[in-house]
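Fold and geometry: a report
This is what each chain is made of:
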Amino acid sequence: PVASEGCVRSQVTSPAMAERPPSFAFGRHFVAGYFSGCALVLAGHPFDTIKVRLQTDQAGRFKGPWHCLRTTIASEGALALYKGVSPPLLATGIINSLLFGMQGWFVHQIASRHGRPAGQTHISDIMSAALCSGLAISLVVAPMEGVKARMQVHYGVGRRLGPVECIRGIVAALGPAGLYRGWLPTALCRMSNYAYFGPYEFIRRAVSPVGPDGNPQRTLPASVAAGGLTGICYWLSCYPIDVIKNRIQAAPDISPPLYRGMVDAARAIYAEGGVARFFKGFTPCLLRAFPANAACFVTFEIMMRVLP
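Residues numbered from 1 in each chain as written. Predicted model: local features only at pLDDT ≥ 70, side-chain atom pairs only at ≥ 80, totals over all residues. Heavy atoms only, no water.

A count of helices and strands for the protein chain gives 10 helices and zero strands. Its helices and strands in sequence order give the protein chain the pattern α-α-α-α-α-α-α-α-α-α, from N to C terminus. Expressed as a percentage of its 308 residues, the buried residues of the protein chain come to 53%. In the protein chain, of all internal contacts separated by at least 6 residues, the share reaching a separation of at least 24 is 79%. Accessible area for the protein chain stands at about 13,200 Å²; split by element, carbon and sulfur atoms hold 69% of it. (Helix = DSSP H or I, 4+ residues; strand = E, 2+ residues; numbered from the N terminus. Buried < 20%, exposed > 50% of the residue type's maximum accessible area, 1.4 Å probe, protein only. Contact = heavy atoms within 4.5 Å. Areas by Shrake-Rupley, 256 points an atom, 1.4 Å probe, with all protein chains shown as cover.)

Here we come to the packing of aromatic side chains. With the rule as written, the count across this model stands at eight aromatic pairs. Residues Tyr196 and Tyr234 carry aromatic rings whose centres are separated by 6.2 Å and whose planes lie at 85° to one another, so their mutual orientation is edge-to-face. Note that Tyr196 is positioned in helix α7 (residues 194–207) and Tyr234 in helix α8 (residues 220–249), a separation of 38 residues in sequence. Here Tyr196 matches Tyr234 in class, with each residue buried. (Phe/Tyr/Trp six-rings, centres within 6.5 Å; stacked < 30°, edge-to-face > 60°.)

Counting residues in each nonpolar core, the largest one holds 33 residues, and the members touching the most others are Ile137, Phe197, Tyr234, Trp235, Tyr239, Ile244 and Ile248. Apart from residues no more than four positions distant in its own chain, Ile137 is found in contact with Ile95, Leu98, Leu99, Met102 and Arg190. (Core = buried A, V, L, I, M, F, W, Y, C linked by side-chain atoms within 4.5 Å.)

A few words now on empty space enclosed by the protein. Empty space among the atoms becomes visible once a probe the size of a water molecule is rolled across them. One pass over the full model with this rule turns up one cavity of 30 Å³ or more. Taken as a whole, the largest cavity encloses approximately 310 Å³ of empty space. In terms of lining residues, the largest cavity is bounded by 22 residues, among which Asp48, Glu145, Lys148, Arg190 and Arg288 are the most central. Those elements that place two or more of their residues in the lining of the largest cavity are α1 (27–56), α3 (86–113), α4 (123–152), α6 (183–191) and α8. Its residues assigned to classes, the lining of the largest cavity shows 10 nonpolar, four polar and eight charged. (1 Å grid on protein atoms, 1.4 Å probe; cavity = no way out; pocket = protein on both sides within 12 Å on 5 of 7 lines; lining within 4 Å. Points joined across faces, edges and corners; volume = space filled by probe spheres on them. Nonpolar A, V, L, I, M, F, W, Y, C, P; charged D, E, K, R; others polar.)

Right, let's get into the pattern of salt bridges. Taken as a whole, this structure holds 16 salt bridges when the rule is applied. A salt bridge links Lys51 to Asp48, with the shortest nitrogen-to-oxygen separation between them at 3.4 Å. With Lys51 and Asp48 both in helix α1, this residue pair falls three residues apart, about one helical turn. No difference in accessibility class separates Lys51 from Asp48, as the two residues are buried. One salt bridge connects Glu272 with Arg247, and the closest N-O pair in it is separated by 2.9 Å. Placement of Glu272 in helix α9 (residues 262–273) and of Arg247 in helix α8 is noted, with a sequence separation of 25 residues between them. The exposure class of Arg247 is buried, given its relative accessible area of 1%. Through salt bridges that share partners, Asp48, Lys51, Glu145, Lys148, Arg190, Asp242 and Lys245 make up one connected network. (Salt bridge = Lys/Arg side-chain N within 4 Å of Asp/Glu carboxyl O.)

From the geometry alone we can't say anything about function, so treat these as descriptive.
Spelled out as structure tokens, the structure:
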């Protein structure tokens, strides 16, 4: 998941609660959200590359995450860990703004239907809203993640596959609909944001000191703890679905497709190693979750302080 606006101003609202109906994050909030998303991508992408390569490895070339890391650097150089970084890096700011804007709107609508005023939003409202905002944002995220997955499993030390070239290849082989291959598991993963926004609000309330006005006050340690732990909670909720998603998206662009759908891909993954195969790459994923999400929240806090 990605994070954006409202992550810091907890005296009034939190990013998960968005107790006042927010506008979309243009201007100051958009800039801060964009840089926080970039921090998340830059801090976490090398871990993500290792994760995706382990998830999609059917040839048995990697013995584990450390072997994958050493092999990748030795054969392709350290920059290979950032293969596929440009699509999420360029799109993260927009996605963050849309995600948190929609999340705030859905939270407001759900809380209003239950007759709860601003300041009394329940965590159940936040988690319900996350299901809706996750489904909506998947329409934007699916093409980006599909391009990223294909680029990450493009092995070799020669000319690197760029995002534009990758998109052209997908459209030429499968048509525009090919960009949405793997949309269903992408949507299910994004709807798992209930395990992102909900735990964030719970942890935020638990670790933030209470100010004179009775509201939790944002501190750097609170942002690090809540952001980092929230990322771990998210991946614990949906990792097997993410394995299926990456397997479908990184498959060759052929027709008929290698996998007929999620069930077919799940059967193929299970045949390779049972239940444990659905957790291949889990270690680098968890190692990525804390620093990447902590970097995201802390960067947003810093940007909101320095922007005019």
